[in-house]
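Working through the structure, step by step
Chain by chain, the residues:
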Amino acid sequence: MFNSDSPFYGAETASAWLENDASLQLSDLMDPLLEVEMVFTAKENLLPSDSLAELLDKVSVSAGVELPDSRFKDWFPSLPKYLVVADGAVGGRVVYTKATGREVSVDDLANVACTLTLNGKELGSGKPSEVLGNPLNSLQWLVKKILLSNSVCRV
């Protein structure tokens, strides 16, 4: 959609993260979308050399719903990728559950089935494997990207 060869990412403020039972005023947002997400919270340092299994051991996993948003009205899907990046990868809000602490495998994460409904009507469905084959591949990519960016920027 954005003619890009890699994912977009951006910084999030603490106030954008809301626990499961939090109230969210949609009037505080411009024109949000809705995306189901898997939320990884690091329990220890993540390394670019970590395998997917090692990354999984170092994080807790919880369910989340992201509401990407922009400062621009009618931004989706026409906002150019440079403005998406400048707008913090259209960070809006993330509502997440507490991690269950349940043991899961690398393959389990790729095969979670999700169906999004509103008032009993299915809006969409999918699996995390639709993005880079496994959500841990996305996490591994991000860890490597951040380390590379930090090592390039240091003086």
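Residues numbered from 1 in each chain as written. Predicted model: local features only at pLDDT ≥ 70, side-chain atom pairs only at ≥ 80, totals over all residues. Heavy atoms only, no water.

**Digging into unusual backbone geometry**
Trans is the common state for peptide bonds, and a negative phi is the common state for residues other than glycine. Each neighbour pair has its own omega, and for Phe-76 with Pro-77 the value is 5°, a cis peptide bond. Examined against the element boundaries, Pro-77 turns out to sit in the loop between strand 3 (59-67) and helix 2 (81-86). Positive phi is not limited to glycine here, since Leu-132 has a value of about 60°. Along the chain, Leu-132 falls in the loop between strand 6 (121-126) and helix 4 (135-153). (Helix = DSSP H or I, 4+ residues; strand = E, 2+ residues; numbered from the N terminus.)

**A short note on the pairing of strand 4 (residues 93-96)**
Of the strand pairs in this sheet, strand 1 (residues 17-19) and strand 4 are connected by 3 bridges, and their pairing is parallel. Across the sheet, residue Trp-17 finds its bridge partner in strand 4, namely Val-94. Across 4 bridges, strand 3 lies against strand 4 in antiparallel orientation. Counterpart to Glu-66 in the pairing with strand 4 is Val-94. (Pairing = 2+ DSSP bridges.)

**Some remarks on the sheet that holds strand 4**
Pairing within the open sheet is mixed, and its 4 strands lie in the order 1-4-3-2. With one partner strand each, in any of the chains shown, strand 1 and strand 2 (35-42) form the two edges of the open sheet. The sheet shows a mean angle of 35° between the axes of neighbouring strands, taken without regard to direction. (Axes fitted to C-alpha atoms, helices over the stretch in contact; angles between N-to-C directions.)

**Some words on the side chain of Lys-58**
Along the chain, Lys-58 falls in the loop between helix 1 (52-57) and strand 3. Within the structure, Lys-58 has its side chain in polar contact with the side chain of Asp-50 (distance 3.0 Å). (Polar contact = N/O pair within 3.5 Å; in protein donor to acceptor, adjacent residues only side chain to side chain.)

**Focus on the environment of Ala-16**
Along the chain, the position of Ala-16 falls in the segment before strand 1. Along the backbone, Ala-16 and Gly-91 are 75 residues apart, and their C-alpha atoms lie at a distance of 8.0 Å. Beyond its immediate chain neighbours, meaning those up to four positions away, Ala-16 contacts Gly-92, Arg-93 and Val-94. (Contact = heavy atoms within 4.5 Å.)

**Section: the packing of aromatic side chains**
Taken as a whole and judged by the stated rule, the model has 2 aromatic pairs. Seen from their ring centres, Trp-75 and Phe-76 are 5.5 Å apart, and the 70° between their planes marks the pair as edge-to-face. By relative accessible area, which is 4% here, Trp-75 ends up buried. (Phe/Tyr/Trp six-rings, centres within 6.5 Å; stacked < 30°, edge-to-face > 60°. Buried < 20%, exposed > 50% of the residue type's maximum accessible area, 1.4 Å probe, protein only.)

**What about the nonpolar core?**
One finds Leu-55, Leu-56, Val-59, Val-61, Leu-109, Leu-136, Leu-139 and Val-143 forming the largest nonpolar core, which totals 8 residues. Of all the secondary-structure elements, those providing two or more residues to this core are helix 1, strand 3 and helix 4. It is helix 4 that provides the largest number of residues to this core, a total of 3 residues. If we skip the residues at most four places from it in the chain, Val-61 touches Met-38, Val-39, Phe-40, Leu-56, Ala-99, Thr-100 and Leu-109. (Core = buried A, V, L, I, M, F, W, Y, C linked by side-chain atoms within 4.5 Å.)

**Observations concerning a negative patch on the surface**
A contiguous patch of negative charge on the surface is contributed by Glu-44, Glu-54, Asp-57 and Glu-103. Here Glu-44 lies in the loop between strand 2 and helix 1. (Patch = residues over 30% accessible without salt bridge, like charges linked within 9 Å, V, L, I, M, F, W, Y side chains within 5 Å. Areas by Shrake-Rupley, 256 points an atom, 1.4 Å probe, with all protein chains shown as cover. Salt bridge = Lys/Arg side-chain N within 4 Å of Asp/Glu carboxyl O. Lys, Arg positive; Asp, Glu negative; His and termini not counted. Charge placed at Lys NZ, Arg CZ, Asp CG, Glu CD.)

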